[in-house]
Amino acid sequence: MIQNLIFPGSVSLINTGYSYRFGMLLGYGQISFENLPPIHTIQDEHIFIVTVIAVGILAVDLPFIAIMIYGRKILRTISNSYTPFHPDMPVYFRKIGIIFILVGFFGKLIIQLLPSLVNFHKVYFNNPTQFEWIFVGLLIILLSDIFKKGVKLQQSEDETL
């Protein structure tokens, strides 16, 4: 049953010239050649596809879902509060920033390393650091510190009134 969800009918890898693409129940999945060892031979297409799907969920989907959950918490807190400087806001922003930084350091490493180990029995990674994710994460942590200062100012303002 699960195999039918992942592999609808007969599944095959298509070499597009820059990536491997495979059909799924809703759309397609693909992995770029830059995330695979330069010289590779795929032994079992099904294991390769399952590995690519699992890595995509682990390195892309789960962090994105966590960021969306914290973003929803931020929006809910703002809508339920009379001010955006609620004490929970810096915590949520800091967690989002940490997720961005972790994805920047480990996201591409996981995408490159796990399929190589499982399918080709090689340790392969090529420049796994994504500096744009790290930079955005640092900016969000800076925003968290700004909100922390705003919370203190809001609390002191509320005490004077």
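You'll find the structure just up there.
Summary of the structure given here.

What counts as what
- Residues numbered from 1 in each chain as written.
- Predicted model: local features only at pLDDT ≥ 70, side-chain atom pairs only at ≥ 80, totals over all residues.
- Heavy atoms only, no water.
- Salt bridge = Lys/Arg side-chain N within 4 Å of Asp/Glu carboxyl O.
- Helix = DSSP H or I, 4+ residues; strand = E, 2+ residues; numbered from the N terminus.
- Buried < 20%, exposed > 50% of the residue type's maximum accessible area, 1.4 Å probe, protein only.
- Core = buried A, V, L, I, M, F, W, Y, C linked by side-chain atoms within 4.5 Å.
- Contact = heavy atoms within 4.5 Å.

## Re the pattern of salt bridges
Stage number 1. Overall, the coordinates contain 1 salt bridge when judged by the stated rule.
Stage number 2. Among the salt bridges present, the one from Arg94 reaches Asp145, with a minimum N-O distance of 2.6 Å. With a gap of 51 residues between them, Arg94 in helix α3 (residues 89–120) and Asp145 in helix α4 (residues 131–160) connect regions that are remote in the sequence.
Stage number 3. Given the relative accessible area of 29%, Arg94 is considered partly exposed.

## What to know about the nonpolar core
Stage number 1. Grouped together as the largest cluster of nonpolar side chains are 12 residues: Ile67, Tyr70, Ile74, Met89, Tyr92, Phe93, Ile96, Ile99, Phe100, Val103, Ile140 and Phe147.
Stage number 2. For this core, the elements supplying multiple residues, two or more each, are α2 (45–80), α3 and α4.
Stage number 3. Sorting elements by how many residues they give to this core places α3 first, with 7 residues.
Stage number 4. Look past the residues within four positions of Val103 in its chain and what remains in contact with it is Pro63, Lys108, Gln130 and Trp133.
Stage number 5. Residues Val11, Phe22, Ile31 and Ile53 belong to the second largest nonpolar core, which totals 11 residues.

## Examining the environment of Gly97
Stage number 1. Inspection of the secondary structure puts Gly97 in helix α3.
Stage number 2. In this structure Gly97 comes out as buried when scored by relative accessible area, which is 0%.
Stage number 3. On a C-alpha basis, the gap between Gly97 and His121 in space is 34 Å, while along the polypeptide they are 24 residues apart.
Stage number 4. Beyond its immediate sequence surroundings of up to four residues, Gly97 is in contact with Gly137, Ile140 and Ile141.

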